[in-house]
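# Descriptive structure summary
Take a look at the letters that make up each chain.
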Amino acid sequence: MPPRERRTPARLPLRRSVLGRLLTVSALVASCSVAATAWLVVQTTSVAIRQEQGQNLSADATIYNTLMGYAATHPSWEGVDATVRKLAEDSERRITLTTQDRRPLSDSAAPGGGSGSGSDSGKDSGSAAGAAVDPLPAQASAVVDPLSVDTALVSDASSGDTDRVDPRAVGPFLLPGKERESLRQIAQRQVECLNGVGIAADVVDGPSGRPRIHYVSSGDADRNVDGKCLAAEPETPTRTEKKALDALNQLADACLERQGRTGVRLNLDLSWQRGYMEDAEAARPAEGPRDDSGEMVASPREKAVQEAAKRDEDDGTARATAEKERAAAYGYQGATEARNSKYDRDIASCVGSARREQLTGYVAAPALLFIGGPRAVSVPGFDLSPKSTARIAGVAALVLALTVGASVIAGTRFVRPLHALTGAAQRMRDGLDSAPVPVGPDDEIGRLAAAFNDMAAHRARLEAQRKAMVSDVAHELRTPLSNIRGWLEAAQDGLAEPDPAFVASLHDEAVQLQHIINDLQDLAAADAGALRLHMEPVRIDDLLGQVATAHQGLAETAGVTLTLAPAAPGAPRPPLLDADPVRLRQAVGNLVSNAVRHTPSGGRVTLRSYVSDTERPGEEVAVEVSDTGTGIPAADVPHVFDRFWRAEKSRNRSTGGSGLGLAIVLKLAEAHGGTAGVVSTEGKGSVFTLRLPAAPGTGPDAGTGPDAMTMTS
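A brief look at the structure comes next. (Residues numbered from 1 in each chain as written. Predicted model: local features only at pLDDT ≥ 70, side-chain atom pairs only at ≥ 80, totals over all residues. Heavy atoms only, no water.)

Looking now at the sheet that holds strand β2 (residues 104-107). Ordered in space as β2-β1-β8-β3, the four strands form an open sheet in which the pairing is antiparallel. The open sheet has two edge strands with one neighbour each: β2 and β3 (142-144). With strand direction ignored, the average angle separating the axes of adjacent strands in the sheet is 25°. Pairing analysis gives five bridges linking strand β1 (residues 94-98) to strand β8 (residues 367-372), with the strands arranged antiparallel. Of the residues in β8, the one forming a bridge with Ile-95 is Ile-371. The strands touched by helix α2 (residues 81-91) within the sheet are β1 and β2, with β1 carrying the most contacts at an inclination of about 150°. (Pairing = 2+ DSSP bridges. Helix = DSSP H or I, 4+ residues; strand = E, 2+ residues; numbered from the N terminus. Axes fitted to C-alpha atoms, helices over the stretch in contact; angles between N-to-C directions. Contact = heavy atoms within 4.5 Å.)

Here it is as structure tokens:
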């Protein structure tokens, strides 16, 4: 019987499948979630990022300003490690200082928190420490140079200041304690005077240690009252300041001389008097109190300033004379040059370069500052406001509600047929008859329901076959056992003599019983995959001859002619088979005995082998057993190889065997890698065919087969 053909259902289009519907729902939910999330990110994260950027810029400015102050007040970077570690701990950032040629000065991420100063020993230790940390970026965050302040990082730095020197870099202007205390006492008396007349003021120390008066009120104080308190003790340079100011003046004059300019006189606040040939009117006050004759009356402060200017003029008479001579040598005209704006710019440039030259030995050398991500420190997150948090919670709840709603609807439609399948499967488990489950649309679930219904029907058929097989086995075993028991009871009662005929009858029944048991054992072994085959090369023509010889007596008794047909002229001889000769003889023998049993006297049974002309010619051998018997009805052909199936339903032993022979033939053929089939016409006979694979590496032999062997009853 040819194997049952399995029809593979056509693949469903994606739009009709459950997968397609699930993907559609998922895409819809995902689209809503993505849109809501994108809107939420744009609305909230941008604000948080701006806040974070502001915090980072503020932290960077603090780091830069602190290190700038250290460089302005120290001649080198020795001892900066503690400051770097403290800044790194407060800002949770990695801070690294290197020289301009990238020799490490200090690194907060290095073992111990730094690498020392920029000396050679510091370089070696810094290199060793730097080997254990991440490399520095190619671009530095800033350059720490107290003589060239970055105005973008220092909010109170004036963009119009040409020298850009950090105000904390005072160098030789730093006052000793004695001068500082003396100036503080003077400033304190002035503040007491101001407070006494109702002007709030405090004493504040400047970077050099010189105290200055800070007015609490932002408005202008009364000029007469202010001048009265300040003129009593005018602001004059101390010895330290005068020495530093003279040195700075010399450096600035040298710069101006190189440019062909006249020198200037620098004041304590680094302003300058633009030449020594100013008109006297320029120094006179434009407004102020006058006496009875209309002449200007100077205030006490103005008198003090005029007296100080007179002293400075007397002290610088010789210098003024030299400047006049130099101006005449260069062709300048005194006051005209002093009032020239370009002259002021040149003076400012020279004063700035003079300051940097004077401060070089008092401040630390320029250093590269690297501010990187934290190391072994968690990245600070964004702190959301309550409004942003509520917005996020609302959008998340809406998306969650949509997701749950869509999932419930899709899940209900998806689970309903699964519940029906589960209930049907549980009824089958309990041994109850299960009605077919409803088959829905032509999708995966619908096809699953159809497959389940087919499985249930197939299971019902198998159950019916199992019950029939149990009944058939009981019947087949009961007949020989009943015969044996009857003869033995008859002998026991003295009704039968235990003669040789009696013993032969009992022996026949025992042999029949043993035959049934052997057939059942072979089928059980084949079902369990435990059927042992001893494979060896087999010539099929020789094996068919042996089977024909073995069944010659059975054919003669039935009056049937058993023939081994020769091969057609010119047909190739079948190749060798890799088979178990004992099991193969058993299979062919079952076919022959079955054909002889169902062929009337005078009929013919023919054995034939040939090379199959299927899709693999020469690789398959066909064995045919044909008869001219009664044939098999078309409705019964599909069941021929079923166990205990018999065309004659009465199961009369004279017209049939146990019903296991053909089932064993099918199992043996499949065990050899082949198939078994039947073609039958009712009233004309049947043809049973075994198709077996040829042994590997063998091909059909040329020439014809052996002469025909005919055995006639």
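Overall, the coordinates contain one disulfide when judged by the stated rule. Residue pairing for Cys-255: its cysteine sulfur links by disulfide to Cys-350, the two sulfurs lying 2.2 Å apart. Classification of the bridge connecting Cys-255 and Cys-350 rests on its S-S torsion, roughly -65°, and on that basis the disulfide is left-handed. On the criterion of sequence distance, the pair formed by Cys-255 in helix α6 (residues 239-258) and Cys-350 in helix α11 (residues 341-359) is long-range, its members being 95 residues apart. Judged by its relative accessible area of 10%, Cys-255 is buried. (Disulfide = S-S within 2.5 Å. Buried < 20%, exposed > 50% of the residue type's maximum accessible area, 1.4 Å probe, protein only.)

The next thing to look at is the nonpolar core. Membership of the largest hydrophobic core comes to 47 residues, with the highest contact counts inside it found for Val-588, Leu-607 and Leu-690. Dropping the residues within four chain positions of it, Val-588 is found in contact with Leu-543, Leu-544, Val-547, Leu-607, Val-623 and Leu-690. (Core = buried A, V, L, I, M, F, W, Y, C linked by side-chain atoms within 4.5 Å.)

We now examine the side chain of Glu-241. In this structure, Glu-241 sits in helix α6. Leaving out residues up to four positions away in the same chain, Glu-241 has contacts with Phe-173, Leu-175, Arg-210, Thr-236 and Leu-268.

Another point: the pairing of β1. Regular strands place side chains that alternate from one sheet face to the opposite one. In terms of burial, β1 is largely enclosed, as five of its five residues are buried. Neither face of β1 is exposed, since Arg-94, Thr-96 and Thr-98 on one face and Ile-95 and Leu-97 on the opposite face are all buried. Examined bridge by bridge, β1 and β2 share three bridges and lie antiparallel to one another. By the bridge assignment, Thr-98 is partnered in β2 with Pro-104. Where β1 hands over to β2, the hairpin turn is made up of five residues, of which Arg-102 adopts a positive phi near 65°.

What follows covers the packing of aromatic side chains. Here the structure, examined in full by the defined rule, presents two aromatic pairs. Aromatic side chains Tyr-70 and Trp-77 sit 6.0 Å apart centroid to centroid with 15° between the ring planes, which places their arrangement in the stacked category. Given a relative accessible area of 10%, Tyr-70 falls into the buried group. Trp-77 gets classed as buried once you look at its relative accessible area, which sits at 5%. Ring geometry for Phe-641 against Phe-688: centres 6.3 Å apart, planes inclined by 80°, an arrangement best described as edge-to-face. Taken together, the positions of Phe-641 in the loop between β13 (620-627) and α18 (661-671) and Phe-688 in strand β15 (residues 685-693) put the pair 47 residues apart, joining distant regions of the chain. (Phe/Tyr/Trp six-rings, centres within 6.5 Å; stacked < 30°, edge-to-face > 60°.)

Another point: the packing of helix α17 (residues 581-597) against α18. Interhelical geometry of α17 versus α18 gives an angle of 145° and a closest axis separation of 9 Å. α18 is crossed by α17, and the crossing has left-handed handedness. Two secondary-structure elements touch here, α17 through Arg-583, Gln-586, Ala-587, Asn-590, Leu-591 and Asn-594 and α18 through Gly-661, Leu-662, Ile-664, Val-665 and Leu-668. The residue inventory of the contact of α17 with α18, partitioned by class, reads six nonpolar, four polar and one charged. (Left-handed = near helix turned anticlockwise from the far one by under 90°. Nonpolar A, V, L, I, M, F, W, Y, C, P; charged D, E, K, R; others polar.)

Once that is clear, we can look at a nonpolar patch on the surface. A grouping of Leu-22, Phe-414 and Val-415 is seen on the molecular surface, where their side chains present a nonpolar patch of about 200 Å² in accessible area. On the secondary structure map, Leu-22 appears in helix α1 (residues 18-73). (Patch = residues over 30% accessible without salt bridge, like charges linked within 9 Å, V, L, I, M, F, W, Y side chains within 5 Å. Areas by Shrake-Rupley, 256 points an atom, 1.4 Å probe, with all protein chains shown as cover. Salt bridge = Lys/Arg side-chain N within 4 Å of Asp/Glu carboxyl O.)

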